[in-house]
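Architecture and fold: a report
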Amino acid sequence: MDTPVQYTPVHYTGTERRPRIFRDDLLQGRISLVTGGSSGIGLGIVRVFAEFGATVVFLGRREDKLASAREQLLREVPSANLETVALDVRHHGAMREAVASIVERHGRLDILVNNAAGNFHCPTEALSENGWRSVIDIDLNGTFNGCQAALPGLKASPHGGRILNITVPQALSGWPGSAHAASAKAGILSLTRSLAVEWGGYGIRVNNVLPGPIAGTEGLKRLYEDRGIADHEYERMAMGCFGLVDDIANACAYLASPGGDFVTGCDFMVDGGRWLKRGWV
Ligand code: HXC
Ligand code: NAP
């Protein structure tokens, strides 16, 4: 029998990169819009899309955060075509205006990534009505706003429009202490499946991407690290480690590319096996 290779999980800081796995022009000339692109996973998606040749418009609420993210990306990817828009995804009209401006300037939209989200730990017993409403509004209503605003642009895509909705595995399991986010994300899963059918006739593919805990992100910090439970969380990971933003960005790049032509309505789990591990191994 062969001696098994020793597998040692790496505990990432979050600054590490994965090797480039696709050809350099994978998304050349694609026009994309990433919500919540100024930090964390969204920023990682903007970076990878830009590296693969896409024009990336990314948005968030804070102008200064968008500007420094853009500066950082231009240092890393000098050839990047980047535009920023400061808006709140809760505002349907602002989302419509942002997409209309993209379509006016570029003629179409090829890829929409709904990534902007809000979350905080709060037992439901203590959650205020406004706390519940805020998270539902950003995550679920914001995703609806993005999808509906993007539709005319996506219909005009010669590549077949793509919508990628960033959700979370706890949308399937429930999430004690984050019932607002789990409920909003579960709504997104269902919205995705509905639109995959409604808009399939326009050539538009609509998919969910479900990240596990990702090193170096705000989500990991506020949900696990600040609460002192990050070490415990490692035990829930089948792979024994957290992921990198590149893991999510590469999954998005695949789904947005011709490789994803026959993939629609799927839940693309990128979570290191966390959602399956129940503690019996
Ligand atoms: C209890 C809280 C709270 C907390 C806010 N609220 N934080 N309640 N515990 N920690 C309540 C407020 O008291 C208020 O209710 C209501 O929520 C709205 O708060 P605002 O600050 O006025 O809202 P807003 O400015 O719109 O901010 C939205 C937010 C905020 C969601 C509250 O945290 C935010 O902007 N988040 C964006 C960044 C983020 O969350 N990133 C992580 C995503 S990670 P009252 O009743 O007082 O008016 C993720 C998955 C992570 O989604 C997975 C980890 C592995
Ligand atoms: P993050 O760093 O806090 O990023 C959130 C982004 O969304 C920022 O650009 C933020 O910018 C923007 N944003 C927040 N509220 C907004 C609003 N109302 N309108 C417009 N933009 C808004 O978060 P993250 O940890 O990378 O998480 C990103 C996504 O991955 C989320 O959908 C999250 O649910 C999902 N996810 C994360 C993890 C993880 O481990 N981090 C795991 C599973 C799923 P402004 O603050 O300037 O608006």
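Above this note sits the structure.
For clarity, every value in this text was computed on a predicted model and none was experimentally measured.

1. Here we look at the nonpolar core
One recurring pattern in soluble globular proteins: nonpolar side chains tend to sit buried together. Counting residues in hydrophobic clusters, the biggest one holds 36 residues, and the most contacted among them are I45 and F49. Counting residues per element, this core draws most heavily on helix α9 (residues 245-256), which supplies 8 residues. Leave out the neighbours within four places in its chain, and F49 touches L27, S32, A54, V56, I111, V113, L164, A249, C252, A253 and A256. Grouped together as the second largest cluster of nonpolar side chains are 26 residues, M95, A98, I138 and I204 included.

2. A few points about the site of ligand 2
Taken together, 30 residues sit near ligand 2, with S38, S39, R61, N115 and T217 positioned nearest. Taking I41, its main chain carries an N or O atom lying 2.9 Å from an oxygen atom of ligand 2. For ligand 2, the protein covers 91% of the area, taking 880 Å² as the surface of the free molecule. Elements that contribute at least two residues to the shell around ligand 2 include exactly α1 (40-51) and α7 (218-225). The greatest single-element share of the shell around ligand 2, amounting to 3 residues, is contributed by α7. Along the lines of polarity and charge, the residues of the shell around ligand 2 split into 12 nonpolar, 11 polar and 7 charged.

3. Observations regarding the pairing of strand β1 (residues 31-35)
Within β1, 5 of the 5 residues are buried, leaving the element largely enclosed by the surrounding structure. Looking at chain direction, β1 and strand β2 (residues 55-60) are connected through 5 bridges and run parallel. Counted as the bridge partner of S32 is V56 from β2. Between β1 and its parallel partner β2, the chain crosses via α1, and the hand of that crossover is right-handed. Relative to strand β4 (residues 111-114), β1 runs parallel, the two being bridged by 3 bridges.

4. What about the pattern of salt bridges?
Enumeration according to the criterion identifies 17 salt bridges in this entry. In this structure, the salt-bridge partner of D261 is R162, at a minimum N-O distance of 2.5 Å. On the criterion of sequence distance, the pair formed by D261 in the loop between α9 and β7 (267-270) and R162 in strand β5 (residues 162-166) is long-range, its members being 99 residues apart. Accessibility expressed as a relative area gives 37% for D261, which makes it partly exposed. Its salt-bridge partner being R274, residue E233 comes within 2.3 Å of it at the nearest N-O pair. One end of the pair, E233, is in helix α8 (residues 230-234); the other, R274, is in the segment after β7, with 41 residues separating them in the sequence. Residue E233 is classed as buried on the basis of its relative accessible area of 3%.

5. Description of the site of ligand 1
Close to ligand 1 lie 18 residues; R61, R90, S128, N130 and R222 are nearest. In the environment of ligand 1, an oxygen atom lies 2.8 Å from a nitrogen or oxygen atom belonging to the side chain of R61. At a separation of 2.9 Å, an oxygen atom of ligand 1 approaches a polar side-chain atom of R90. Within the complex, the protein chains bury 61% of what would otherwise be the 1100 Å² of accessible surface of ligand 1. Of all elements in the fold, only α4 (129-155) and α7 reach the threshold of two or more residues within the shell around ligand 1. Of the residues assigned to the shell around ligand 1, the class counts are 7 nonpolar, 7 polar and 4 charged.

6. Side note on the sheet that holds strand β3 (residues 81-86)
With parallel pairing, the 7 strands of this open sheet are ordered in space as β3-β2-β1-β4-β5-β6-β7. Looking along the sheet, the strands with just one partner apiece sit at the ends: β3 and β7. On average, each strand axis in the sheet is tilted by 20° relative to the strand beside it, whichever way the strands run. Summarising the sheet, β5 and strand β6 (residues 205-211) pair through 5 bridges and their orientation is parallel. Along β6, the bridge assignment pairs N165 with N208. Along the sheet face, α4 touches β4 and β5 and points at about 175° away from the line of β4. Against the sheet, helix α6 (residues 179-198) makes contact with β5, β6 and β7, and its axis sits at roughly 155° relative to β6, the strand it touches most.

What counts and how
- Residues numbered from 1 in each chain as written.
- Chains lettered and ligands numbered in written order.
- Predicted model: local features only at pLDDT ≥ 70, side-chain atom pairs only at ≥ 80, totals over all residues.
- Heavy atoms only, no water.
- Core = buried A, V, L, I, M, F, W, Y, C linked by side-chain atoms within 4.5 Å.
- Buried < 20%, exposed > 50% of the residue type's maximum accessible area, 1.4 Å probe, protein only.
- Helix = DSSP H or I, 4+ residues; strand = E, 2+ residues; numbered from the N terminus.
- Contact = heavy atoms within 4.5 Å.
- Near = heavy atom within 4 Å.
- Polar contact = N/O pair within 3.5 Å; in protein donor to acceptor, adjacent residues only side chain to side chain.
- Areas by Shrake-Rupley, 256 points an atom, 1.4 Å probe, with all protein chains shown as cover.
- Nonpolar A, V, L, I, M, F, W, Y, C, P; charged D, E, K, R; others polar.
- Pairing = 2+ DSSP bridges.
- Right-handed = clockwise from strand over helix to strand, strands pointing away.
- Salt bridge = Lys/Arg side-chain N within 4 Å of Asp/Glu carboxyl O.
- Axes fitted to C-alpha atoms, helices over the stretch in contact; angles between N-to-C directions.

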